[in-house]
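Chains, contacts and geometry: an overview
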Amino acid sequence: MKHLLLTITLAVLLFSCCKKKDESPQLPAITQEGKNTFGCKVDGSIITANGKPINWNDDEYINFHLGGGAIDTVTIISAQNQNPKWYMSLHYTSTPINQTGKFVINNVTDNYGMYLDLHSNDAPLGGNSYYTNRKDTGIVNIMRNDTKVIAGTFEMTVANDSGKIVHITDGRFDITK
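Residues numbered from 1 in each chain as written. Predicted model: local features only at pLDDT ≥ 70, side-chain atom pairs only at ≥ 80, totals over all residues. Heavy atoms only, no water.

1. Focus on the overall build of the chain
Each helix and strand in the chain was counted, giving one helix and 11 strands. Secondary structure of the chain in N-to-C order comes out as α-β-β-β-β-β-β-β-β-β-β-β. Taking as baseline every contact in the chain between residues at least 6 positions apart, the subset at least 24 positions apart corresponds to 50%. By element, 54% of the accessible surface of the chain is carried by carbon and sulfur atoms, the whole surface being about 10400 Å². (Helix = DSSP H or I, 4+ residues; strand = E, 2+ residues; numbered from the N terminus. Contact = heavy atoms within 4.5 Å. Areas by Shrake-Rupley, 256 points an atom, 1.4 Å probe, with all protein chains shown as cover.)

2. Quick look at the environment of valine 166
By the secondary structure assignment, valine 166 is in strand E11 (residues 165–176). The buried category is assigned to valine 166, whose relative accessible area is 3%. Taking C-alpha positions, valine 166 is 8.9 Å from tyrosine 115, a pair spaced 51 residues apart along the chain. Once residues within four sequence positions are removed from consideration, valine 166 is found in contact with Val42, Asp43, Tyr115, Tyr130, Met156, Thr157 and Val158. (Buried < 20%, exposed > 50% of the residue type's maximum accessible area, 1.4 Å probe, protein only.)

3. Quick notes on the pattern of salt bridges
By the definition in use, this model includes three salt bridges. Close ionic contact of lysine 41 with aspartate 170 constitutes a salt bridge, the shortest N to O distance being 3.4 Å. One end of the pair, lysine 41, is in strand E1 (residues 37–42); the other, aspartate 170, is in strand E11, and 129 residues separate them in sequence. For the salt bridge of aspartate 146 with arginine 144, the shortest nitrogen-to-oxygen distance reads 2.6 Å. (Salt bridge = Lys/Arg side-chain N within 4 Å of Asp/Glu carboxyl O.)

4. A look at the confidence of the model for the chain
For the chain, the mean per-residue pLDDT works out to 77, and 69% of the residues sit at or above 70. Strand E10 (residues 149–159) holds the highest mean pLDDT among the elements of the chain, 95, whereas helix H1 (residues 2–17) holds the lowest, 47. Contacts for the low-pLDDT stretch residues 3–14, under 50 throughout, to residues beyond four places or in other chains number zero contacts. (pLDDT = per-residue confidence, 0-100.)

5. Concerning unusual backbone geometry
Despite not being glycine, asparagine 36 has its phi angle at roughly 55°, a positive value. For asparagine 36, the position within the fold is in the loop between H1 and E1. Of note, the phi angle at aspartate 43 is positive, near 50°, even though the residue is not glycine. Among the secondary structure elements, aspartate 43 is positioned in the loop between E1 and strand E2 (45–50). Exposure remark for aspartate 43: the relative accessible area of 46% places this residue in the partly exposed category.

6. Some remarks on the side chain of serine 89
Mapped onto the elements, serine 89 comes out in strand E5 (residues 85–93). One polar contact links serine 89 to histidine 91, side chain to side chain, over a distance of 3.1 Å. When sequence neighbours within four positions are dropped, the list of residues in contact with serine 89 reads Ile77, Ser78, Tyr112, Gly113 and Met114. (Polar contact = N/O pair within 3.5 Å; in protein donor to acceptor, adjacent residues only side chain to side chain.)

Laid out in structure tokens, this is it:
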């Protein structure tokens, strides 16, 4: 009887401590250390990318770029992942270029946000394209911007040409320059 009780007790302890690991995606922490992370919620679903050297053939990357087009004060933060397939970029202007603070992205001048959902084939680029505009706007909050790291948070509402709205919330990035 003692052996049976001991066996049952050990079995209960063994199975109670072996919980299945939660494999659902998690947002990266909000950091300012150059960890090369990017993540946000798109209509409540978490998407992330981890930093790799930029290469359009890579499945996943994060990129930081200064200057764009005719304006040298544009900062572009972009990320992509192939599983699930998406691309996102945040464009904003600032003078001086290494400024911190909050920047409105609304497709006025060179400040805008873009999200490409590449799951479907009903758009010219093989997916749905969503952009900020005068009505559907966002905020990029740059918390660190020095010679080594750019880090911050963001949120935006974007729309496609048909008027479908996508809400992007809890965004964060931490990128080594």
